[in-house]
Amino acid sequence: MSPHSSKAMTRHAWFIFSILTICYALVSFFRTSTSTLAVDIMREFAVGGGLMSVMSSAYFYPYGFMQIPAGILSDRWGSRNTIASFLLIGAAGSLLFALSGSVTAATVGRVLIGVGMGITGTGVTKNVADMVLADDNFATIVGAVEEGRRIYDNIRKAIQFLLGSNMSEVISIFVATLLGFTILEPVHLLWINLVTDCFPALALGMENAEKDIMQRRPRSAKAGIFAGGMGGDIAYQGLMVSVLVLASYFIGHFMESGVWEIPANGLSPDGTTMAFLTMSMAEIFHSLNMRSQRGSLFTMGSRNWALLVSSFAALLLTTLVCEVPFIAAAFDFTSVEFNEYIIAIGMGFLVIPIVEIVKFFQRLAAKKKVGQN
């Protein structure tokens, strides 16, 4: 072999080696870059530690694929990492980020939500995105999720409170009708619905987010408004208030007549007044229970001043209706004695310890279910 051919082969070998080294460096850089990008995304999604937090089983695929519990379609880091967009595909709880500029027709059909960047995003991305982040910060999504969950929770609380209260009225009147006595008149129901129910229900819509709101699992999009045991809660709470109101009616009639009986003519002014007071008080106190479907009232750690003010106002107005002579006469009420008033408040207050006991066993059952899974 001539010296010239030997030098040429050496140059070719060094050239091929250099090309391979450069290719290896580019591939390594791309993988490192996309991995760093993935870590950045995961860190931002970990803010708040809830729906957007990263699962312990999250891992990275070569060339920038990773599996995490929530995903976004975005071009935030496109210029830095030569990645045009993220593509969110899959189902809630196991979503896939595809760090790629190519989008196939099959993949587009599985997109859940697209998010564009308001500052660095392109005009095309912002036009087709379902959500545009004005501050280009993924942590904003966490805040939006928390606020959305708070609003949804508050709507459920108000619905549960109103349906439970109305169910107690229906059951009480239905039972009284079957037994042949009048427990409440239409004007009494109108007052309860407009004053005792209305203002606390509105105040429940201003409730702060619960402490564990971002640690909950994502709810199914197919879940109804009564999911999570809410239907059962409405049933037993409505029945509970009905039993207390009926008991209060008979206590009031006993304090008036001295005997435990159903009134002969079906009318008992003291019984009706006591039933009205008990139902009003029970619903006022029950609105405090509705601050959390499962959490204890005594561990909330925050106060809903709107609910407290509205409850106190309803309590005061209900007392005035029963004690001011000309108003009481218009409602066919009798003036209640102090001991009757205390009994009515006590009967209404019972809804708090009863619901607290039920919530305690519901939490135990939920923990046991999680332990079995």
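Preceding block: the structure.
Conventions adopted
- Residues numbered from 1 in each chain as written.
- Predicted model: local features only at pLDDT ≥ 70, side-chain atom pairs only at ≥ 80, totals over all residues.
- Heavy atoms only, no water.
- Helix = DSSP H or I, 4+ residues; strand = E, 2+ residues; numbered from the N terminus.
- Expected span 1.5 Å × (residues − 1).
- Buried < 20%, exposed > 50% of the residue type's maximum accessible area, 1.4 Å probe, protein only.
- Contact = heavy atoms within 4.5 Å.
- Polar contact = N/O pair within 3.5 Å; in protein donor to acceptor, adjacent residues only side chain to side chain.
- Axes fitted to C-alpha atoms, helices over the stretch in contact; angles between N-to-C directions.
- Parallel < 35°, antiparallel > 145°, perpendicular 65-115°, else oblique.
- Nonpolar A, V, L, I, M, F, W, Y, C, P; charged D, E, K, R; others polar.
- Phe/Tyr/Trp six-rings, centres within 6.5 Å; stacked < 30°, edge-to-face > 60°.
- Core = buried A, V, L, I, M, F, W, Y, C linked by side-chain atoms within 4.5 Å.

**Student:** Got a minute to help me understand the environment of Thr 177 in this structure?
**Tutor:** Assignment of secondary structure puts Thr 177 in helix α5 (residues 139–179). The spatial distance from the C-alpha of Thr 177 to the C-alpha of Gly 266 is 9.4 Å, given a sequence separation of 89 residues.

**Student:** Is there a simple way to think about helix α9 (residues 305–323) in this case?
**Tutor:** For an α-helix, the turn length of 3.6 residues means that residues three or four places apart are oriented alike. The first and last C-alpha atoms of α9 sit 27 Å apart over 19 residues, in line with the 27 Å expected at 1.5 Å per residue. By the burial criterion, the buried members of α9 are Leu 307, Ser 310, Ser 311, Ala 314, Thr 318, Thr 319, Val 321 and Cys 322. Here the buried face of α9 lies against α6 (186–204), α8 (269–289), α10 (325–330) and α11 (338–349). Of the residues that open α9, the one with a side-chain oxygen 3.3 Å from the backbone nitrogen of Ala 306 is Asn 304.

**Student:** When you look at the packing of α6 against α9 in this model, what are you seeing that I'm missing?
**Tutor:** Closest axis-to-axis distance for the α6/α9 pair is 7 Å, and the angle between their directions is 170 degrees. The pairing of α6 with α9 is recorded here as roughly antiparallel in orientation. In this structure, α6 uses Trp 191, Val 195, Thr 196, Phe 199, Pro 200, Ala 203 and Leu 204 to contact α9, whose residues at the interface are Ala 306, Leu 307, Ser 310, Ala 314, Leu 317, Thr 318 and Val 321. Looking at the contact of α6 with α9 residue by residue, the classes come out as eleven nonpolar, three polar and no charged.

**Student:** Explanation requested: the packing of aromatic side chains in the structure shown.
**Tutor:** Each aromatic ring pair is specified by the distance between its two centres and by the angle formed by the two planes. Tallied over the full model, the rule gives nine aromatic pairs. Relative to Phe 250, the ring of Phe 181 has its centre 5.5 Å away and its plane inclined at 65 degrees; by these criteria the two rings are edge-to-face. Taken together, the residues span a long stretch of sequence, with Phe 181 in the loop between α5 and α6 and Phe 250 in helix α7 (residues 230–257) at a distance of 69 residues. Phe 181 sits in the buried class, given a relative accessible area of 4%. Taken together, a centroid distance of 5.8 Å and an interplanar angle of 15 degrees make the contact between Phe 331 and Phe 333 stacked. Grouped by ring-pair contacts, the aromatic residues Trp 191, Phe 276, Phe 331 and Phe 333 constitute a single cluster.

**Student:** Looking at this model, I keep getting lost on the nonpolar core. Mind explaining?
**Tutor:** Considering soluble globular proteins, one finds that nonpolar side chains tend to be buried as a cluster. In terms of nonpolar packing, the biggest core is built from 44 residues, with Ile 183, Leu 184, Phe 276, Leu 277, Phe 333 and Val 351 touching the most fellow members. Residue assignment for this core shows that the elements contributing at least two residues are α5, α6, α7, α8, α9, α11 and α12 (351–372). When residues of this core are assigned to their parent elements, the largest contribution, ten residues, is made by α8. If you look at the next biggest cluster of nonpolar residues, it comprises nine residues, including Phe 138, Val 142, Val 145 and Met 214.

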